[in-house]
Amino acid sequence: MRLTDKTALITGAGRGIGRAIAEAFAREGARVAIADLDHAGAEAAAQAIRDAGGEAMGLAMDVTDEDAVENGVTQVAETWGGVDIAVANAGIQHIDPVDRLAFADWRKVIAVHLDGGFLVSRACLRRMYAGGRGGTMLLMGSVHSKEASPLKSPYVAAKHGLLGLCRAIAKEGAEHGVRANLICPGFVRTPLVDKQIPEQARELGISEESVIRDVMLKHTVDQEFTTLEDVAEVAVHLAAFPSAALTGQSVVVSHGWHMQ
Ligand code: NAD
């Protein structure tokens, strides 16, 4: 049990990668708050953890809404006495070339990742600093924090931005015992990715099989998708790491798609 007695908040954890991280944290002994725009999804994920013997709460939270983030983090801190680990994971994708991208779509993607990453970090850092027991901030980046792909400019820009936010938090947080790291997955089969496959096939004029083989997995060493378990294990490792030897880092988990 690597996270016994820790309290963790994970955003966008009603499904997909966030839910897998929440389940892995709970298996390691943490109390987990599952925040999601989809309240029913957050509740169902929390109930599944409670059914398995863990401690979990579901929270309705739009990470782009300052009050919603503040209220959600306050609820967690008041219920469980603080926040030790926060994972800013909520995310969305939008497929369009830059010249045809509506400003509203650009803003929406930037808001969820960057405004959300900032608001969740700020609210949780205040708790970690005030509690005097430090903590761990994890931000969900992507291989797109390091590389670009066509048709995903707001996502690529936002994920590069999260790398900067993570490094800034690592520098500021050190004196308060807070570490910050960025997780950078390759493609993982979640609803976010499944939705892109037909969209990219349409935009690129190729088959869905070709999107998977020749676009998504082309540069991996083994033509394999990264799994939920792979990403969750990296999150547990980073959350449990015992010292600031590991802070301000970005860990790529992508079957060799990107090597750094
Ligand atoms: P997903 O679509 O399966 O899940 C995303 C969750 O975020 C959903 O439950 C959704 O309701 C929630 N969400 C969306 N907007 C929100 C908001 N404004 N406030 C609160 N919650 C909101 O996606 P996923 O694949 O699990 O992605 C999770 C994170 O991992 C994202 O940041 C994504 O960019 C990143 N990521 C995913 C992949 C991948 O291949 N799936 C790769 C690299 C990085």
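Residues numbered from 1 in each chain as written. Predicted model: local features only at pLDDT ≥ 70, side-chain atom pairs only at ≥ 80, totals over all residues. Heavy atoms only, no water.

Now for the site of the ligand. R15, D36, Y155, V188 and T190 are the nearest of the 28 residues found near the ligand. Interatomic distance of 2.8 Å between a backbone N/O atom of I17 and an oxygen atom of the ligand. Separating an oxygen atom of the ligand from a backbone N or O atom of G186 is a distance of 3.5 Å. Across the complex, the protein chains shield 94% of the 830 Å² of accessible surface that the ligand would expose by itself. Of all the elements in the fold, those that place two or more residues in the shell around the ligand are α1 (16–27), α4 (103–131), α5 (153–173) and α6 (191–204). Top element by residues in the shell around the ligand is α6. It accounts for three residues. Of the residues assigned to the shell around the ligand, the class counts are 15 nonpolar, nine polar and four charged. (Near = heavy atom within 4 Å. Polar contact = N/O pair within 3.5 Å; in protein donor to acceptor, adjacent residues only side chain to side chain. Areas by Shrake-Rupley, 256 points an atom, 1.4 Å probe, with all protein chains shown as cover. Helix = DSSP H or I, 4+ residues; strand = E, 2+ residues; numbered from the N terminus. Nonpolar A, V, L, I, M, F, W, Y, C, P; charged D, E, K, R; others polar.)

One way to put it is that α1 packs onto helix α8 (residues 228–240) with a least axis distance of 9 Å and a crossing angle of 50 degrees. By the angle between their directions, the pair α1 and α8 is classed as oblique. Where α1 crosses over α8, the two elements pack in a sense that is right-handed. Here G16, I17, A20, I21, A24 and F25 of α1 lie close against α8, whose contacting residues are L228, V231, A232, A235, V236 and A239. Here the residues of the contact of α1 with α8 are counted per class, giving eleven nonpolar, one polar and no charged. (Axes fitted to C-alpha atoms, helices over the stretch in contact; angles between N-to-C directions. Parallel < 35°, antiparallel > 145°, perpendicular 65-115°, else oblique. Left-handed = near helix turned anticlockwise from the far one by under 90°. Contact = heavy atoms within 4.5 Å.)

What follows is about the side chain of T226. Tracing the backbone shows T226 in the loop between α7 (208–216) and α8. You can call T226 buried: its relative accessible area is 3%. A polar contact of 3.4 Å, which involves the side chain of T226, links it to the backbone oxygen of V253. Filtering out sequence-adjacent residues up to four positions away, T226 remains in contact with G186, F187, V188, R189, V231, V253, S254 and H255. (Buried < 20%, exposed > 50% of the residue type's maximum accessible area, 1.4 Å probe, protein only.)

Turning to the domain arrangement of the protein chain, a few remarks are in order. Each assigned domain of the protein chain is listed here: domain 1 (7–188 + 227–253) and domain 2 (189–225). Each of domain 1 and domain 2 has a C-alpha centre, and these two points are 25 Å apart. Contact with domain 1, which involves 16 residues of that partner, is made by twelve residues of domain 2. Counting each side, the surface lost to burial between domain 1 and domain 2 is near 1200 Å², with a carbon and sulfur contribution of 63%. Together, I95, F187 and V188 form the three largest contributors to the area buried by domain 1 at its contact with domain 2, with a combined 47%. R100 serves as the salt-bridge partner of E203, at 3.4 Å between the closest nitrogen and oxygen. Linking domain 1 with domain 2 are three residue pairs in polar contact (both at pLDDT 80 or more). Across the side of domain 1 that touches domain 2, the residue classes break down as eight nonpolar, four polar and four charged. (Domains from an automatic or database assignment. Buried area = accessible area lost by both parts, 1.4 Å probe. Salt bridge = Lys/Arg side-chain N within 4 Å of Asp/Glu carboxyl O.)

A contiguous nonpolar surface patch, about 190 Å² in accessible area, is contributed by L204, I206 and V215. Secondary-structure assignment places V215 in helix α7. (Patch = residues over 30% accessible without salt bridge, like charges linked within 9 Å, V, L, I, M, F, W, Y side chains within 5 Å.)

With that settled, the discussion passes to the packing of aromatic side chains. The description of an aromatic ring pair uses the distance of the two centres, along with the angle that the planes make with each other. The tally for this structure, following the rule as stated, stands at one aromatic pair. Ring centres of F187 and W257 lie 5.2 Å apart, and the angle between their planes is 5 degrees; this geometry places the pair in the stacked category. Separated by 70 residues along the polypeptide, F187 in the loop between β6 (178–185) and α6 and W257 in the segment after β7 (249–253) bring together distant segments of the chain. Here W257 falls in the buried class, since its relative accessible area comes to 13%. (Phe/Tyr/Trp six-rings, centres within 6.5 Å; stacked < 30°, edge-to-face > 60°.)

In terms of burial, strand β1 (residues 7–11) is largely enclosed, as five of its five residues are buried. Side chains T7, L9 and T11 project from β1 onto one buried face, and the interleaved A8 and I10 project onto a second face that is buried too. At this point the chain moves from β1, through α1, to the parallel strand β2 (residues 31–36), and the crossover so formed is right-handed. Inspection of the sheet shows β1 paired to strand β4 (residues 85–88) by three bridges, in the parallel sense. (Right-handed = clockwise from strand over helix to strand, strands pointing away. Pairing = 2+ DSSP bridges.)

The strands making up a sheet are joined through hydrogen bonds of the backbone, oriented either antiparallel or parallel. Taken in spatial order, the seven strands make up an open sheet running β3-β2-β1-β4-β5-β6-β7, and their pairing is parallel. The sheet is open, and its two borders are formed by β3 (55–60) and β7, each paired with just one other strand. Adjacent strand axes in the sheet meet at a mean angle of 20 degrees when their direction is disregarded. Taken strand by strand, helix α3 (residues 66–80) contacts β1, β2 and β3, and its axis lies near 155 degrees from that of β3.

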